[in-house]
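Letter by letter, the chains look like this.
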Amino acid sequence: MGKREDIFDAALDIIIEHGIRGLTLPLLFEVAKTGSGTFYHYFKGTEALVDELYAHCCEIAEEAVNEKDDESLPVRERFDNAIMNIFQAHRDYPRELRFIYWYAYGVVVPDAATDRPVPSIVLLGKIIEKAQEEGLATTGSPAIISARMIRGMVASCLWGHEHDFYVLTEEGSSWFAKRAWHLIENAQF
């Protein structure tokens, strides 16, 4: 891991523990074990760091959630795999994926406009759109809206797991995928 990645890692630690206001340069330099010269070699300032950190985390998430996506599978199976991959990505990269959602929904940077979509929502949107084309999903809403709703439900499950309300097992993830599919298959929302 290089210095740029060390700075990303330190920034994630600080933001997750203290929030965006806790990300001060002196603390960042201490945690990353670097100085201002190295920092400014890679970033123009903390705003640039946070923006680049978001892009970096999106790349990780995109690879993690798309890694096992197989477009040749039947839509229903592909949907289940996507849900399982999203949950697994959160187990493998909890800080990075938490940061993405905080950033994308204005928690990290209020009213931040990002042109980089959340990878799991993009994947779910494509799968739901395919399900609609095949007549398997009759939600009555655009695929991206359904994808955002399902992703919100995933976030709720992950929050409960992170706060020790329940353990999110593979069996629980599979059960969730079945319930989520039922929603897009039959519900009018």
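Before reading on, note that the structure itself is shown above.
Here is a short report on the structure shown in this document. Quick caveat, the model's predicted, so the values are computed rather than measured. (Residues numbered from 1 in each chain as written. Predicted model: local features only at pLDDT ≥ 70, side-chain atom pairs only at ≥ 80, totals over all residues. Heavy atoms only, no water.)

For the chain, the helix and strand inventory stands at 9 helices and 0 strands. Shown N-terminal to C-terminal, the secondary structure of the chain runs as helices and strands in the order α-α-α-α-α-α-α-α-α. Overall, the C-alpha framework of the chain stretches about 55 × 35 × 30 Å when taken along its three principal axes. Residues counted as buried form 39% of the 189 residues belonging to the chain. Within the chain, counting contacts between residues at least 6 apart in sequence, those at least 24 apart form 67% of the total. Accessible area for the chain stands at about 10,100 Å²; split by element, carbon and sulfur atoms hold 52% of it. (Helix = DSSP H or I, 4+ residues; strand = E, 2+ residues; numbered from the N terminus. Buried < 20%, exposed > 50% of the residue type's maximum accessible area, 1.4 Å probe, protein only. Contact = heavy atoms within 4.5 Å. Areas by Shrake-Rupley, 256 points an atom, 1.4 Å probe, with all protein chains shown as cover.)

What follows covers the side chain of Arg78. Locating Arg78 in the fold gives a position in helix H5 (residues 75-92). The exposure class of Arg78 is buried, given its relative accessible area of 8%. Leaving out residues up to four positions away in the same chain, Arg78 has contacts with Asp69, Asp70, Glu71, Leu73, Leu123 and Ile127.

Within this structure, the stated rule accounts for 9 salt bridges. Between Arg78 and Asp69 there is a salt bridge, with its nearest N and O atoms 2.7 Å apart. Taking the relative accessible area as the measure of exposure, Asp69 reaches 24% and is therefore partly exposed. Salt bridges here are not isolated pairs; linked through shared partners, they connect Asp9, Asp13, Arg95 and Glu96. (Salt bridge = Lys/Arg side-chain N within 4 Å of Asp/Glu carboxyl O.)

The N-to-C vectors of helix H7 (residues 119-133) and helix H8 (residues 143-162) enclose an angle of 130°; their axes lie 8 Å apart at closest approach. Accordingly, the angle class assigned to the pair H7 and H8 is oblique. Note that H7 runs across H8; the crossing there is right-handed. Contact with H7, carried on its side by Ser120, Ile121, Leu124, Gly125, Ile128, Glu129 and Gln132, involves Ala143, Ile144, Ser146, Ala147, Arg148, Ile150 and Arg151 of H8 and no other residues of that element. (Axes fitted to C-alpha atoms, helices over the stretch in contact; angles between N-to-C directions. Parallel < 35°, antiparallel > 145°, perpendicular 65-115°, else oblique. Left-handed = near helix turned anticlockwise from the far one by under 90°.)

Right, let's get into the layout of surface pockets. Put simply, the largest pocket is a space of about 310 Å³. If you trace the largest pocket, you find 14 residues lining it, with Arg98, Tyr101, Trp102, Arg151 and Ala155 closest to the centre. Listed by contribution, the elements that provide at least two residues to the lining of the largest pocket are helix H6 (94-104) and H8. A class-by-class count of the residues in the lining of the largest pocket yields 7 nonpolar, 3 polar and 4 charged. (1 Å grid on protein atoms, 1.4 Å probe; cavity = no way out; pocket = protein on both sides within 12 Å on 5 of 7 lines; lining within 4 Å. Points joined across faces, edges and corners; volume = space filled by probe spheres on them. Nonpolar A, V, L, I, M, F, W, Y, C, P; charged D, E, K, R; others polar.)

It is worth stressing that arrangement in space is one thing and function is another; only the former is reported here.
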